[in-house]
Amino acid sequence: MTTTEQSLINTLRICPEAGFRMLMDQYQEPIYWHIRRLVVSHDDAQDATQETFVRIFRSMGTYQGNGSFRSWIYRIATNEALRCLSKRQEETVSLESETTGVTLIADNSLEEADKLAAKLQRAILTLSPKQQLAFNLRYYDELCFSEIARVADSTPTSIRQSYHVAKEKIIKYMNQND
Amino acid sequence: MNQGFNFKQVGKRMPYSAPDGLFREMKMNVMNMVKDEHMDLPQKPIRKKATRLWITAVAVAASVAALWIVNLNLSTTQSTNGIEAVDQAFANLSQGDQDYLLDVYQADVFINN
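Residues numbered from 1 in each chain as written. Chains lettered and ligands numbered in written order. Predicted model: local features only at pLDDT ≥ 70, side-chain atom pairs only at ≥ 80, totals over all residues. Heavy atoms only, no water.

(A) Local environment of the pattern of salt bridges. All names here are of chain A. Counted by the stated rule, this structure contains 12 salt bridges over all chains. As a salt-bridge pair, Arg55 and Glu51 come within 3.9 Å of each other at their nearest N and O atoms. In this pair, Arg55 and Glu51 are both assigned in helix 3 (residues 42-58), four residues apart and thus about one turn of the helix distant. Owing to a relative accessible area of 34%, Arg55 belongs among the partly exposed residues under this scheme. (Salt bridge = Lys/Arg side-chain N within 4 Å of Asp/Glu carboxyl O. Helix = DSSP H or I, 4+ residues; strand = E, 2+ residues; numbered from the N terminus. Buried < 20%, exposed > 50% of the residue type's maximum accessible area, 1.4 Å probe, protein only.)

Next up, the structure:
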């Protein structure tokens, strides 16, 4: 656990409301983007992000201090994202699924000037949920493989493998598709 | 493999943005949803069993060592003080009394065996 995390937890113990506000200030933006990368839709990402923090509030007493606080938060967020996808598609989407069933559709929200970024997101969305998670958390959020493994309830070795496979697939997609 | 694409060309840019004021709005929404609820505190870390045993063993060993050292010091001090007191008492006796004691106890079977 980092000093910042310990400081946040100490604040939560001493003054829960202030600590929870601090937690939201620190995590709501990265969590929103983590979820949005999986679900794409802003409305779904907002709903899932809000639900994530409500769940964090309600289950704070279950955090036992084993493993990083950050990975605990991301785990809750990931489960919310998968729950959102399952609801949208009316079938269970899990990390073991072959696909999330999400594609990036060009609409007004896409920045016309950043087609390369859009193409990268399309490439990521072709991956399995586990590969998307491994890649996104490593590339965008810079979590270590051990933390990602805790988020995914997997092993660091498996996550490392998923990440490297994901990278190769993305590079292949970016080089082949226009 | 053709490594034409380089991740540095994109970095962490996203092709879409978040609406203005989103995070302020989300924070307000969440705080409203939980305002009437009580938050349990995060638990304190539970030490692993092996760590607890190790700490306990070290604490016991340290206590035993401390007691042994204290006891050793007390014994040495008491012995030294006792011998000096006897010597002092013997020296305070008259020569006649000293000779008498030496004659009596020289042949004492308990002291000399």
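(B) Focus on the confidence of the model for chain B. Residue and element names in this part refer to chain B. On average, residues of chain B score 77 in pLDDT, and 71% of them reach the 70 mark or higher. Mean pLDDT values over the elements of chain B span from 71, in helix 2 (residues 49-92), up to 96, in helix 1 (residues 22-34). Here the prediction assigns the complex a pTM of 0.74, and the interface score ipTM is 0.87. (pLDDT = per-residue confidence, 0-100.)

(C) Expanded view of the interface of chain A and chain B. Facing the 50 residues of chain A at the interface are 37 residues of chain B. Taken over both partners, the interface formed by chain A and chain B buries close to 4400 Å², and the fraction arising from carbon and sulfur atoms is 66%. Per-residue buried area on chain A facing chain B is highest for Arg13, Gln50 and Phe57 of chain A; these three make up 15% of the total on that side. Across the contact surface, chain A and chain B share four salt bridges. In this structure, Asp114 of chain A and Arg13 of chain B form a salt bridge, with 2.8 Å as the shortest nitrogen-oxygen distance. For the pair chain A and chain B, the number of links is 13 residue pairs in polar contact (both at pLDDT 80 or more). For the side of chain A that touches chain B, the secondary-structure elements that each account for two or more residues are helix 1 (3-14), helix 2 (16-39), helix 3, helix 5 (115-125), helix 6 (129-139) and helix 8 (156-176) of chain A. Looking at which element gives the most residues to the side of chain A that touches chain B, the answer is helix 2 of chain A, with 12 residues. Considered class by class, the residues forming the side of chain A that touches chain B number 25 nonpolar, 12 polar and 13 charged. (Contact = heavy atoms within 4.5 Å. Buried area = accessible area lost by both parts, 1.4 Å probe. Polar contact = N/O pair within 3.5 Å; in protein donor to acceptor, adjacent residues only side chain to side chain. Nonpolar A, V, L, I, M, F, W, Y, C, P; charged D, E, K, R; others polar.)

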